Each structure stands twice: as C-alpha cells, then as structure tokens.
Amino acid sequence: MNWVPEDCTLPTAEQPLRVAEFDALFTEALRGVERIDNTHLRLRLDGADHVERTARELTARETSCCSFFTFTFDRTAEDLTLDVQVPPAHAAVLDGLVARTAS
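Rules used in this analysis
Residues numbered from 1 in each chain as written. Predicted model: local features only at pLDDT ≥ 70, side-chain atom pairs only at ≥ 80, totals over all residues. Heavy atoms only, no water. Helix = DSSP H or I, 4+ residues; strand = E, 2+ residues; numbered from the N terminus. Buried < 20%, exposed > 50% of the residue type's maximum accessible area, 1.4 Å probe, protein only. Contact = heavy atoms within 4.5 Å. Areas by Shrake-Rupley, 256 points an atom, 1.4 Å probe, with all protein chains shown as cover. Lys, Arg positive; Asp, Glu negative; His and termini not counted. Charge placed at Lys NZ, Arg CZ, Asp CG, Glu CD. Expected span 1.5 Å × (residues − 1). pLDDT = per-residue confidence, 0-100. Phe/Tyr/Trp six-rings, centres within 6.5 Å; stacked < 30°, edge-to-face > 60°. Polar contact = N/O pair within 3.5 Å; in protein donor to acceptor, adjacent residues only side chain to side chain. Pairing = 2+ DSSP bridges. Core = buried A, V, L, I, M, F, W, Y, C linked by side-chain atoms within 4.5 Å.

## Thoughts on the overall build of the chain
Okay, step 1: Tallying secondary structure elements over the chain gives three helices and four strands in all.
Okay, step 2: Of the regular secondary structure in the chain, the N- to C-terminal order runs α-β-β-α-β-β-α.
Okay, step 3: Burial statistics for the chain: of 103 residues in total, 44% are counted as buried.
Okay, step 4: The contacts of the chain with a sequence gap of at least 6 include a subset with a gap of at least 24, amounting to 55%.
Okay, step 5: When the accessible surface of the chain is totalled, it reaches about 5700 Å², and 51% of it is carbon and sulfur.
Okay, step 6: Computed over 10 positive and 18 negative side-chain charges, the separation of the two mean positions in the chain equals 3 Å.

This is the structure:
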C-alpha cells in the first residue's frame, strides 16, 4: 500500500480494511475501467441500487480522510459511472487504485 499518501488521515491500522472494502466493491460490481488522464479515472459499476449505496457510502468515507479526492456519480439505466479525480500531486493514488481493479 505504498501508494497511500502521507496526508491521508485514516489511521494506518485501518488502511488495509479500507482497501479491502474497495476490493470487495470492485469484485462484486466493477464492469469497466478507463483512465481518462493522469488525474482522472472512470469506473463503470453495476447499476444495482445496493451497489450505488455502497459506493456512495465508501467514497464519502474516503473523502473524509483524503480530501483531495473528487468522486462524481452518473447513472444510466444499467450502469453506475464513478469518476475519480485527484490533483496532479496525487496521481500515484490513481495508479494504485487502477492496480487494485486489476487484482
């Protein structure tokens, strides 16, 4: 987890648990990944209501400890799109997130 930035306020002991929550979301619901640019990642998730609730709750908690994240949701009839953006100084965080989607 060397991609977790130093300015993350989530206690170190809780960081693996948060990563596991993202892993579970990706395992259950991830349908596609698109790296728009160095600071912008687009995730296409299953559009089920419970997936949206989980994703919104998880990203809200993530923003509370890593305020540099911007999460934006968009819904279609079948999919939920989650755009993840960070400032250039935190592009490595998106690299780590992309790596998690592949595992």
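Anyway, onward from the coordinates.
## Side note on helix 3 (residues 91-102)
Okay, step 1: An ideal rise of 1.5 Å per residue puts 16 Å on 12 residues; helix 3 measures up with 17 Å between its terminal C-alpha atoms.
Okay, step 2: Restricting attention to buried positions, one finds in helix 3 the residues Ala-91, Val-93, Leu-94, Gly-96, Leu-97 and Thr-101.
Okay, step 3: Residues of helix 3 that are buried sit in contact with helix 1 (15-29), strand 1 (30-37), strand 2 (40-46) and strand 4 (79-85).

## What to know about the confidence of the model for the chain
Okay, step 1: The predicted model of the chain averages 91 in pLDDT, with 97% of residues at 70 or higher.
Okay, step 2: Summarising per-element confidence for the chain, the mean pLDDT is lowest in helix 3 (90) and highest in strand 2 (98).

## Concerning the packing of aromatic side chains
Okay, step 1: Per the counting criterion, the structure on display carries three aromatic pairs.
Okay, step 2: Seen in terms of ring centroids, Phe-69 and Phe-71 are 4.9 Å apart; in terms of plane orientation they differ by 25°. Their pairing is stacked.
Okay, step 3: With relative accessibility at 8%, the residue Phe-69 sits in the buried group.
Okay, step 4: Grouping aromatic residues by their ring pairs yields a cluster made of Phe-68, Phe-69 and Phe-71.

## Quick look at the side chain of Gln-15
Okay, step 1: Within the secondary structure, Gln-15 is located in helix 1.
Okay, step 2: Polar side-chain contacts of Gln-15 include one of 3.1 Å to the backbone oxygen of Leu-10.

## As for the pairing of strand 3 (residues 70-75)
Okay, step 1: In terms of strand pairing, strand 3 meets strand 4 through six bridges, oriented antiparallel. Looking at the pairing, Phe-73 lines up with Leu-82 of strand 4.
Okay, step 2: Counted along the chain from strand 3 to the antiparallel partner strand 4, the turn is three residues long.

## Focus on the nonpolar core
Okay, step 1: Judged by nonpolar contacts, the single largest core of 26 residues is most densely connected at Leu-43, Leu-45, Phe-69, Leu-82, Val-84 and Leu-97.
Okay, step 2: Those elements that provide at least two residues to this core are helix 1, strand 2, helix 2 (49-65), strand 3, strand 4 and helix 3.
Okay, step 3: With near-sequence residues (within four places) excluded, Leu-45 lies in contact with Ala-29, Leu-30, Arg-31, Val-51, Ala-55, Asp-79, Leu-80 and Leu-82.

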